[in-house]
Amino acid sequence: MIEPLINCGEWKIVSSLFAPELRPIHHASHEKWMPAHLDRHPQREVLFALSGKGLYGFQGKIYPCPPGTVFLFDSHEAHDDDYPPHALEGTHLWFALLNEKAVARILIIKGGKFSTSHSFAIKDSSSAMLLDQIWDRMSQNKEIPELFRRMRIISALLLVLTAAIEQGYRMKTDPVPAAGERQKEIIKSIMRSISASGGAGLNLEKLARFAGCSKFHFLRIFKKHSGKTVHKFIDICRIKK
């Protein structure tokens with residue numbers, strides 16, 4: 001599934017930074033499902049479609065999602081909350097930009113449900129920070145031609161992608177970190193993100209999704225690695241903010 005990632009010249013990007021490169025479509029079942037399943041949060045997210053021919057909603061419109069489709073969800077932009085019962089089979093790679101880190105997760109959609117096959121924090125924090133900075137600049141400087149804005153965002157996306165791919169290949173020779181260490185990295189990234197936003201627009205379900213696990217499991221590992229419950233930590237960050 002690496003082909004859709006490295007062939008950036010064939011990417012179709014859907015974003016508010018420039019005109020979407022796919023036409024929205026009408027889909028009766030999705031249009032009925034979408035209004036009650038919208039998500040908004042302070043964290044930026046990127047969705048890469050690796051396989052399948054599904055659909056995804058963004059800013060009130062429904063777009064096709066074949067391999068090579070890239071969605072850029074800016075802070076508080078409305079997009080689908082998970083996947084509908086009519087979702088077709090496919091594989092999606094997500095990046096959540098959590099403060100100075102990117103957390104990656106690979107989702108397998110099958111039978112109207114989805115599961116996380118992998119979830120990990122990208123160790124190269126400089127690539128995530130650069131993507132965040134360029135995203136800021138391109139969204140604030142709309143006088144810059146769209147083609148240049150697209151080129152700049154793709155260059156930053158490629159750094160995050162290659163960092164994730166390199167980390168994956170390195171696992172073949174490097175010692176594989178224990179599950180507890182991987183969890184700790186992800187929880188630390190989420191904690192930094194909650195601190196930066198004061199917990200605004202976040203809830204247990206969203207945080208568990210960033211971590212790539214169930215709500216019950218997330219509650220347990222968050223307390224294990226932070227020493228506090230999720231709600232207590234959010235309350236502390238809100239007071240500080």
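Values in this document were obtained by computation on a predicted structure and should not be read as measured data. (Residues numbered from 1 in each chain as written. Predicted model: local features only at pLDDT ≥ 70, side-chain atom pairs only at ≥ 80, totals over all residues. Heavy atoms only, no water.)

## Some points on the packing of helix α3 (residues 125-140) against helix α4 (residues 146-170)
Okay, so step 1: Interhelical geometry of α3 versus α4 gives an angle of 165 degrees and a closest axis separation of 9 Å. Classified by the angle between their axes, α3 and α4 sit roughly antiparallel to one another. The chirality of how α3 crosses α4 is left-handed. Each of Ser 127, Ala 128, Leu 130, Leu 131, Ile 134, Trp 135, Arg 137 and Met 138 in α3 lies in contact with α4, whose residues at this interface are Arg 149, Arg 152, Ile 153, Ala 156, Leu 157, Leu 159, Val 160 and Ala 163.
Okay, so step 2: Of the residues that constitute the contact of α3 with α4, the class distribution is 12 nonpolar, one polar and three charged. (Axes fitted to C-alpha atoms, helices over the stretch in contact; angles between N-to-C directions. Helix = DSSP H or I, 4+ residues; strand = E, 2+ residues; numbered from the N terminus. Parallel < 35°, antiparallel > 145°, perpendicular 65-115°, else oblique. Left-handed = near helix turned anticlockwise from the far one by under 90°. Contact = heavy atoms within 4.5 Å. Nonpolar A, V, L, I, M, F, W, Y, C, P; charged D, E, K, R; others polar.)

## Side note on the sheet that holds strand β8 (residues 90-98)
Okay, so step 1: Strand order in this open sheet of six strands is β1-β6-β3-β8-β9-β10, and the pairing throughout is mixed. One side of each edge strand has no neighbouring strand; the edge strands of this open sheet are β1 (12-14) and β10 (113-121). The sheet shows a mean angle of 20 degrees between the axes of neighbouring strands, direction not considered.
Okay, so step 2: Across four bridges, the pairing between strand β3 (residues 44-52) and strand β6 (residues 69-73) is antiparallel. Across the sheet, Phe 48 pairs through a bridge with Val 70, a residue of β6. (Pairing = 2+ DSSP bridges.)

## Section: the packing of helix α6 (residues 204-211) against helix α7 (residues 215-226)
Okay, so step 1: Across the interface, α6 lies against α7 with an axial gap of 9 Å and an inter-helix angle of 80 degrees. On the basis of their axis angle, the class for α6 and α7 is roughly perpendicular. Of the residues in α7, those in contact with Leu 204, Glu 205, Leu 207, Ala 208 and Ala 211 of α6 are Lys 215, Phe 218 and Leu 219.
Okay, so step 2: Residues of the contact of α6 with α7, tallied by class, amount to six nonpolar, no polar and two charged.

## What to know about α3
Okay, so step 1: Between its first and last C-alpha atoms α3 spans 23 Å; for 16 residues at 1.5 Å apiece the expected length is 22 Å, and the two agree.
Okay, so step 2: Buried within α3 are the following residues: Ser 127, Ala 128, Leu 131, Ile 134, Trp 135 and Met 138. Axial view of α3: buried residues confined to an arc of 130 degrees, hence all on one face.
Okay, so step 3: Buried residues along α3 sit in contact with β3, β6, β8, β9 (101-110) and α4. (Expected span 1.5 Å × (residues − 1). Buried < 20%, exposed > 50% of the residue type's maximum accessible area, 1.4 Å probe, protein only. Arc of directions from axis to C-beta.)

## A look at the side chain of Ser 119
Okay, so step 1: In this structure, Ser 119 sits in strand β10.
Okay, so step 2: Beyond its immediate chain neighbours, meaning those up to four positions away, Ser 119 contacts Val 103, Ala 104, Arg 105, Ile 186, Phe 210, Ala 211 and Gly 212.

## Points about the nonpolar core
Okay, so step 1: Counting residues in hydrophobic clusters, the biggest one holds 30 residues, and the most contacted among them are Phe 48, Leu 72, Phe 95 and Ile 153.
Okay, so step 2: When contributions to this core are tallied by element, the ones reaching two or more residues are β3, β6, β8, β9, α3 and α4.
Okay, so step 3: When residues no more than four places from it in sequence are discounted, the contact partners of Ile 153 are Leu 17, Phe 18, Leu 72, Leu 131, Ile 134 and Trp 135.
Okay, so step 4: Counting residues in hydrophobic clusters, the runner-up holds 22 residues, among them Val 103, Ala 121, Leu 207 and Phe 210. (Core = buried A, V, L, I, M, F, W, Y, C linked by side-chain atoms within 4.5 Å.)

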